[in-house]
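Per-entry structural report
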Amino acid sequence: MEKLDNYGEIAKEYANKFIDYLPTLIGALVLLFVGLWVIKLFIKYLKKLFDKENFDPTLETFTINAASWGLKILLFVLVITQLGVASASLVAAIGAAGLAIGLALQGSLANLAGGVLIIVLKPFKVGDWIEAQGVSGAVVEISLFYTKLDTFGNQRVVIPNGELSNDNITNYSFNKTRKENLTFGISYDDDIKKAKEVLTNMVMEQEKILKDPAPQIIVSELGDSSVNFSVRYMAELADFWDLHWYMIEEGKIRLEEAGMTIPYPQRDVYLYDQTKMNGTVREKNIERS
């Protein structure tokens with residue numbers, strides 16, 4: 001009976017404490033729900049603002065996520081403080097947890113830092129064709145931790161942002177125009193001036209080749225087997241590859257129609273009979289390949 005009285009007194013004591021603590025608990029819950037509602041309204045307004053200003057989609061996603069998580073963490077701290085937890089102890093606990101998580105996720109944090117750098121500095125954007133980490137492809141997604149590319153063979157490549165941000169990146173889509181440098185070889189017996197005229201006419205007939213800066217057709221090298229011409233011109237990025245394939249094929253056709261010889265490497269091979277006859281080495285055969 002005495003134990004029941006003790007239990008009753010304990011229950012009454014805790015009930016009184018709960019009743020005293022109830023306004024604080026209700027205030028914390030109200031702060032939580034009102035805070036989440038305000039954050040939701042703010043994020044909605046932020047999205048409308050970004051859509052109106054036509055921001056970069058990757059930067060928009062990163063900013064919205066960062067703002068959402070930052071405000072929610074701040075709200076969590078305020079709610080916990082409202083419940084009576086000392087703010088200094090809470091900050092110390094969060095700091096200790098952050099240190100432990102940081103040590104456990106060093107690689108992921110490096111990727112996160114790389115993702116932030118890529119999003120802020122914008123060395124490339126979604127849709128650009130880039131080359132990095134030994135891979136070239138079109139950027140299809142930039143997240144905080146990884147960047148995804150689709151290669152020419154339609155393969156998906158996922159590159160960690162930590163490695164990507166610390167390596168050389170070639171962005172083929174950054175400029176609106178691109179310069180071509182094609183090489184055509186003719187025989188040493190052919191007419192250089194005639195070959196140059198043929199190549200010049202071919203270049204000037206192409207409407208998609210930019211006239212400013214002017215194209216160049218020059219003798220770039222006296223090679224081992226050929227006289228090499230360098231055909232240089234500028235083109236819009238959208239027209240570059242169509243022109244590239246066309247000019248290679250058309251250049252060979254026109255040079256051959258003009259009577260030019262497209263040379264290929266040659267090597268003379270001499271075979272000797274090692275049998276000495278009258279004190280001399282007799283040549284047995286000569287082949288050319």
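Further up the page is the structure itself.
For clarity, every value in this text was computed on a predicted model and none was experimentally measured.

1. Examining the sheet that holds strand 2 (residues 135-142)
On the basis of which strands lie adjacent, the open sheet formed by 5 strands has the order 4-3-2-1-5 and antiparallel pairing. The open sheet terminates on both sides in strands that have one partner only, identified here as strand 4 (156-160) and strand 5 (170-171). Two elements, strand 1 (residues 129-132) and strand 5, share 2 bridges in a ladder whose sense is antiparallel. Looking at the pairing, E131 lines up with T170 of strand 5.

2. Let's talk about the environment of L83
Checked against the element boundaries, L83 lands in the loop between helix 2 (57-82) and helix 3 (87-104). Residue L83 is classed as partly exposed on the basis of its relative accessible area, which comes to 25%. For the pair L83 and P23, spaced 60 residues apart in the sequence, the C-alpha separation amounts to 10.0 Å.

3. Quick notes on the pattern of salt bridges
Taken as a whole, this structure holds 6 salt bridges when the rule is applied. Notably, a salt bridge pairs K125 with D128, separated by 3.3 Å at the nearest N-O pair. Take D128: its relative accessible area is 6%, and that puts it in the buried class. Among the ionic pairs, E256 bridges to K252, the shortest N-O distance being 2.5 Å. Taken together, the residues E256 and K252, both in helix 7 (residues 240-257) and 4 residues apart, mark about one turn of the helix.

4. Quick look at the side chain of E180
Looking at the element boundaries, E180 is found in strand 6 (residues 177-186). For the buried residue E180, which engages in no salt bridge, the nearest side chain bearing the opposite charge is R178, 6.9 Å off. Reaching out from E180, the side chain makes a polar contact with the side chain of H244 at a distance of 2.4 Å. Not counting residues within four places of it along the chain, the set of residues in contact with E180 comprises V231, R232, Y233, F240 and H244.

Thresholds applied
- In this numbering scheme, every chain counts its residues from 1 along its sequence in written order.
- The predicted nature of this model means local features are confined to residues of pLDDT at least 70 and side-chain atom pairs, given and counted, to a pLDDT of 80 or more, with totals for whole chains, interfaces and linings taken over all residues.
- As a rule here, side-chain values cover all heavy atoms of the structure and leave hydrogens and water aside.
- DSSP bridges decide pairing: two strands pair if at least two such bridges lie between them.
- For the purposes of this entry, the term helix denotes a DSSP run of H or I that reaches at least four residues, the term strand denotes a run of E that reaches at least two, and both are numbered from the N terminus.
- Whether a residue is buried, partly exposed or exposed follows from its accessible area with a 1.4 Å probe, protein chains only, as a fraction of its type maximum: under 20%, in between, or over 50%, in that order.
- What makes a salt bridge here is a side-chain nitrogen of Lys or Arg within 4 Å of a carboxyl oxygen of Asp or Glu, nothing more.
- Note on charges: Lys and Arg go in the positive column, Asp and Glu in the negative column, and His and the chain ends are not counted at all.
- Here a polar contact is taken to be a pair of N or O atoms separated by no more than 3.5 Å, where protein atoms must pair a possible hydrogen donor with a possible acceptor and residues adjacent in sequence count only if both atoms sit in side chains.
- Any two residues having at least one pair of non-hydrogen atoms within 4.5 Å are treated as being in contact.

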